[in-house]
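Now for the letters of each chain:
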Amino acid sequence: MNGMECLGKSGEHDSTGGAGTPCEPNGTRAARSESSPHPCGHGVSGRALVVLCRRIGEVRSGWFPEEAALVEGAAECRRREFAAARGLAHEAMEKLGVAAAPVLRSERAPRWPEGVTGALGHASGRKGQDGWAAAAVGRADAVRGIGIDLEWAGRVGERLWSRLFNEAERRALEAMPEGEWQTLSAGIGFSAKEAFYKLFQPLTGRWADFHDAMVTARKDGGFTLDCAAELPGIPSRLEGRWMRPAPGEAPDLVLCLLALSVDGTSLLPDFPASFSVP
């Protein structure tokens, strides 16, 4: 299997999966594979949430003419990123048992086909390496909203902390020894806030500042996001997941995911904090 693939079904839990329990004290619930005991693997339809992440060059080709028209005239790198994310979205729909359909655009957010909801992300290539794309798609009867983001943690340097993080977050980062976890924590903090925006903005039409959300990352692959802004129908506290799709070759690439069920609780797909690409 190239890249990361995670398939989940809400309301179930696999004790061999990442962090979390079937129902956490704060009202979160796990989401996992229905047919495989391993949290990441190939599967069949009938799931609530599918998350896919791969190098852009490894995403199977093919997109709908309506999608291609949205980036007509754009730079080739932008077209590749756009096509790869939508290619993963089409594949995720099929894994949910839904026929692949165009993912168009409504203002600045994707417009999902009837019956599904989701989010897209990508990280541009660097140092001669290919970029990465990600898609998370859920059945609309089980999943209300999704946010996903890919970031190079090493790019979230200290010079950006005052813009991205509140005082408490900055103090926490400054108290960490300089090194891998400090770098990852900063990247997770930024990526989680980007994922949060992708979750709440399509649902509420509202905007929020980076300082309105506070992220606490944990080494078990989870994070907590507390939001001070009042967003209708969005809990003030959400639990999310982070992972490194390719720790061996791209150790500072992080993926953050937030998913909200139709009953307002956090959906937590089980995937490991570090997953090596074969």
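Residues numbered from 1 in each chain as written. Predicted model: local features only at pLDDT ≥ 70, side-chain atom pairs only at ≥ 80, totals over all residues. Heavy atoms only, no water.

Trainee: Break down the environment of A140 for me, with residues and values.
Mentor: When you line up the elements, A140 lands in the loop between β7 (132-139) and β8 (143-152). For A140 and W112, which are 28 residues apart along the polypeptide, the C-alpha to C-alpha distance reads 10.0 Å. Setting aside residues up to four positions removed in sequence, A140 forms contacts with G115, V116 and V262. (Helix = DSSP H or I, 4+ residues; strand = E, 2+ residues; numbered from the N terminus. Contact = heavy atoms within 4.5 Å.)

Trainee: So what about the pairing of strand β10 (residues 222-227)? Which residues, and what values?
Mentor: The buried fraction of β10 amounts to 5 of the 6 residues, a majority that puts the element mostly inside the structure. Two strands pair when backbone bridges link them, and strand β9 (residues 213-217) and β10 are joined in this way by 5 bridges, in the antiparallel orientation. When the sheet's bridge partners are listed, T216 is paired in β10 with T224. Counted between consecutive antiparallel strands, the loop separating β9 from β10 contains 4 residues, among which G221 sits at a positive phi close to 95 degrees. With 5 bridges connecting them, β10 and strand β11 (residues 237-243) associate as antiparallel partners. Bridge pairing links T224 to E239 in β11. (Buried < 20%, exposed > 50% of the residue type's maximum accessible area, 1.4 Å probe, protein only. Pairing = 2+ DSSP bridges.)

Trainee: Give me the lowdown on the nonpolar core, citing residues and values where you can.
Mentor: Ranked by internal contacts, the top residues of the largest apolar core, which has 23 residues, are W132, I146, I148, L150, L253, L255 and L257. Contributing elements (two or more residues each) for this core: β3 (49-55), β6 (116-123), β7, β8 and β12 (253-261). Top element by residues in this core is β8. It accounts for 5 residues. Counting 21 residues, the second-largest nonpolar core is a separate cluster that includes I188, L225, I234 and L260. (Core = buried A, V, L, I, M, F, W, Y, C linked by side-chain atoms within 4.5 Å.)

Trainee: Pulling in residues and values, what's your account of the sheet that holds β10?
Mentor: Taken in spatial order, the 5 strands line up as β8-β12-β11-β10-β9 in an open sheet, and their pairing is antiparallel. In this open sheet, the two edge strands, each paired with only one partner strand, are β8 and β9. Between one strand axis and the next, the sheet turns through 25 degrees on average, direction left out of account. Judged from the 3 bridges that link them, β11 and β12 form a sheet pairing that is antiparallel. For R241, the partnering residue across the bridge sits in β12 and is L257. Each of β8, β9, β10, β11 and β12 is contacted by helix α5 (residues 180-204), which is oriented at about 145 degrees to β8, the strand it contacts most. (Axes fitted to C-alpha atoms, helices over the stretch in contact; angles between N-to-C directions.)

Trainee: Can you lay out the pairing of β12 for me, pointing to particular residues and giving the numbers?
Mentor: For a regular strand, the rule is simple: side chains alternate between the two faces of the sheet. Of all the 9 residues making up β12, 9 are buried; the element is thus mostly covered by neighbouring parts of the structure. Covered by surrounding structure in β12 are L253, L255, L257, A259 and S261 together with V254, C256, L258 and L260, the residues of both alternating faces. The pairing of β8 with β12 spans 9 bridges and is classified as antiparallel. In the strand pairing of β12, L150 is matched with L255.

Note that every value here comes from positions in space, so none of it alone points to a role or purpose.
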